[in-house]
Amino acid sequence: MSQSDLIVAKFGGTSVADFDAMNRSADVVLADASVRLVVLSASAGITNLLVALAEGKQLEERAYHLDEIRRIQYAIIDRLQQPDVIREEIDRMIENIATLSETSALATSTALTDELVSHGELMSTLLFVEILRERKQAAEWFDVRKVMRTNDRFGRAEPDVAQLKELAASQLQPRLGEALIITQGFIGSESKGRTTTLGRGGSDYTAALLGEALNAKRIDIWTDVPGIYTTDPRIVPAAKRIDEITFEEAAEMATFGAKVLHPATILPAVRSDIPVFVGSSKDPAAGGTMVRENTANPPLFRALALRRRQTLLTLHSLNMLHARGFLAEVFNILARHNISVDLITTSEVSVALTLDTTGSTSTGDSLLTQALLTELSSLCRVEVEENLALVALIGNELSTACGVGKKVFGVMEQFNLRLICYGASIHNLCFLVPGDDAEQVIRTLHNSLFE
Ligand code: ADP
Ligand code: ASP
Ligand code: MG
């Protein structure tokens with residue numbers, strides 16, 4: 001098979017949640033001979049349990065979490081025809097998890113967290129290989145850490161695309177003709193061989209990176225919804241499926257919180273112009289969304305996205321008046337603390353900004369450390385507001401069209417708009433609202449702009 005015939009298929013947590021889900025995903029894989037490389041998430045719920053263990057639990061809670069992990073994975077093993085060998089392998093993994101979580105309870109670290117959480121993907125891929133073998137398919141388990149080299153920013157590691165390409169060509173490419181290759185999303189390894197992770201939801205990104213490295217003709221993201229919708233269908237059941245969307249629009253949606261794609265997924269796809277398909281493994285016949293470079297007639301309003309748990313910092317300083325370099329100093333401090341700024345607005349004597357918390361395994365609020373606050377406070381008065389939500393309207397030519405403000409804000413009168421960003425991109429308009437109002441804001445806006 002030539003490389004350009006290759007499809008990389010990724011299945012998310014719900015698509016490998018249990019025995020039946022794994023078999024449905026196997027059906028999807030086997031329905032298309034071009035699918036030679038399969039990237040999997042951990043079975044639904046496992047990563048959350050592992051992250052909780054990495055936070056350092058006491059003995060009793062540890063036992064509870066370990067039992068839950070065992071229960072989820074055993075439910076799959078128990079339905080295999082020949083469960084014994086794989087049960088031993090999974091038991092070894094769970095023993096590792098137990099040892100690592102015991103260590104976490106004494107002293108936790110980001111490197112240890114990544115090592116611990118990687119076991120979710122290691123287990124789901126072992127189980128899926130077994131499912132395929134029972135269906136008489138030649139399938140081979142591949143440890144993605146052999147090729148997915150990253151830096152050592154544990155919890156949110158960045159891949160080395162050039163090394164990945166080289167290693168994929170020598171280690172993965174030759175195997176693709178021989179068997180279906182089943183590998184892990186989300187995890188990688190740094191130069192010393194320690195396990196890293198690409199951030200929560202990172203398996204989508206893995207699939208796109210591998211697709212790019214192997215010059216695939218398409219990347220298929222199989223999840224629990226049949227495509228990308230005008231907004232999260234869990235919030236608005238009337239949301240409509242978008243049949244075709246551009247890379248730029250999809251990237252904006254993902255960046256601004258549409259969980260259906262990890263924010264970085266589109267980067268490799270755009271770089272190498274590889275279309276991305278999003279569909280439901282529960283209902284592949286329902287079709288899905290195709291993400292590609294161009295689509296016919298991109299509309300003014302495309303979709304609404306929501307990002308919860310946003311923290312707003314407002315920095316006040318009279319010294320800012322007519323002064324130079326104040327913002328530079330603020331950004332310097334934030335950069336030293338490894339924080340990137342998300343939204344920003346300014347006035348004469350103050351600047352309001354949100355911290356970018358997407359994707360990492362650490363929680364949003366933990367970015368705001370005491371050390372950071374102390375340093376900022378030496379420069380200016382700092383006000384912190386938590387539990388805000390970022391609502392983003394994604395579209396085309398938004399900043400050059402007339403009447404956008406009226407259409408959007410005209411229906412927002414019962415809500416407090418805490419901050420508005422508009423004009424930096426033709427593709428989005430976004431604002432902060434109190435977290436408790438977020439879903440109502442989305443429903444109201446969706447109703448007026450999309451229904
Ligand atoms: P997976 O585990 O397969 O990666 P995720 O839970 O990460 O799945 O992503 C799928 C979920 O994304 C859906 O169940 C849906 O609730 C949510 N979602 C958010 N915004 C959208 C959107 N615009 N279109 C479709 N799904 C969305
Ligand atoms: N299992 C990881 C998570 O839950 C990665 C993924 O599912 O994409 O975040
Ligand atoms: Mg996901």
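On a predicted model such as this, the values are computed, not experimentally measured, just so you know.

Some remarks on the overall build of the chain
Next, step 1: In terms of regular secondary structure, the chain is built from 13 helices and 16 strands.
Next, step 2: Its C-alpha radius of gyration of 23 Å places the chain within 12% of the 22 Å reference for a compact globule of 451 residues.
Next, step 3: A burial count over the chain gives 54% of its 451 residues as buried.
Next, step 4: Once local pairs closer than 6 in sequence are excluded, the contacts in the chain between residues at least 24 apart make up 77%.
Next, step 5: Just so you have it, the chain exposes about 19,400 Å², and 49% of that area is on carbon and sulfur atoms.
Next, step 6: With 43 positive and 58 negative side-chain charges, the chain shows a separation of 2 Å between the mean positions of the two kinds.

Considering the site of ligand 1
Next, step 1: Near ligand 1 you find 17 residues, and of these Thr223, Asp224, Tyr229, Asp232 and Arg234 are the closest.
Next, step 2: The separation between an oxygen atom of ligand 1 and a polar side-chain atom of aspartate 224 is 2.8 Å.
Next, step 3: Separating an oxygen atom of ligand 1 from a side-chain N or O atom of arginine 234 is a distance of 2.7 Å.
Next, step 4: Taken by itself ligand 1 offers 570 Å² of open surface, and the protein chains cover 91% of this.

Details of helix α13 (residues 438–450)
Next, step 1: Taking 1.5 Å of rise per residue, 13 residues should cover 18 Å, and α13 covers 17 Å from first to last C-alpha, within 8% of that figure.
Next, step 2: What α13 keeps buried is the set Ala438, Val441, Ile442, Thr444, Leu445, His446, Leu449 and Phe450.

Things to note about the sheet that holds strand β11 (residues 301–316)
Next, step 1: The sheet built from six strands is open, its strands ordered β12-β13-β11-β14-β16-β15 with antiparallel pairing. Two strands close off the open sheet at either side, each with one partner strand: β12 (341–346) and β15 (419–422). Strand-to-strand twist across the sheet, computed as the mean angle between neighbouring axes with direction ignored, equals 30°.
Next, step 2: By the bridge criterion, seven bridges tie strand β14 (residues 381–395) to strand β16 (residues 428–434) in an arrangement that is antiparallel. From the neighbouring strand, alanine 389 faces β16, where its bridge partner is valine 433.
Next, step 3: Packing against the sheet, helix α8 (residues 247–255) makes contact with β11, β14 and β16, and its axis sits at approximately 45° to β11.

What counts and what doesn't
- Residues numbered from 1 in each chain as written.
- Chains lettered and ligands numbered in written order.
- Predicted model: local features only at pLDDT ≥ 70, side-chain atom pairs only at ≥ 80, totals over all residues.
- Heavy atoms only, no water.
- Helix = DSSP H or I, 4+ residues; strand = E, 2+ residues; numbered from the N terminus.
- Rg over C-alpha atoms; globule rule 2.2 N^0.38 Å.
- Buried < 20%, exposed > 50% of the residue type's maximum accessible area, 1.4 Å probe, protein only.
- Contact = heavy atoms within 4.5 Å.
- Areas by Shrake-Rupley, 256 points an atom, 1.4 Å probe, with all protein chains shown as cover.
- Lys, Arg positive; Asp, Glu negative; His and termini not counted.
- Charge placed at Lys NZ, Arg CZ, Asp CG, Glu CD.
- Near = heavy atom within 4 Å.
- Polar contact = N/O pair within 3.5 Å; in protein donor to acceptor, adjacent residues only side chain to side chain.
- Expected span 1.5 Å × (residues − 1).
- Pairing = 2+ DSSP bridges.
- Axes fitted to C-alpha atoms, helices over the stretch in contact; angles between N-to-C directions.

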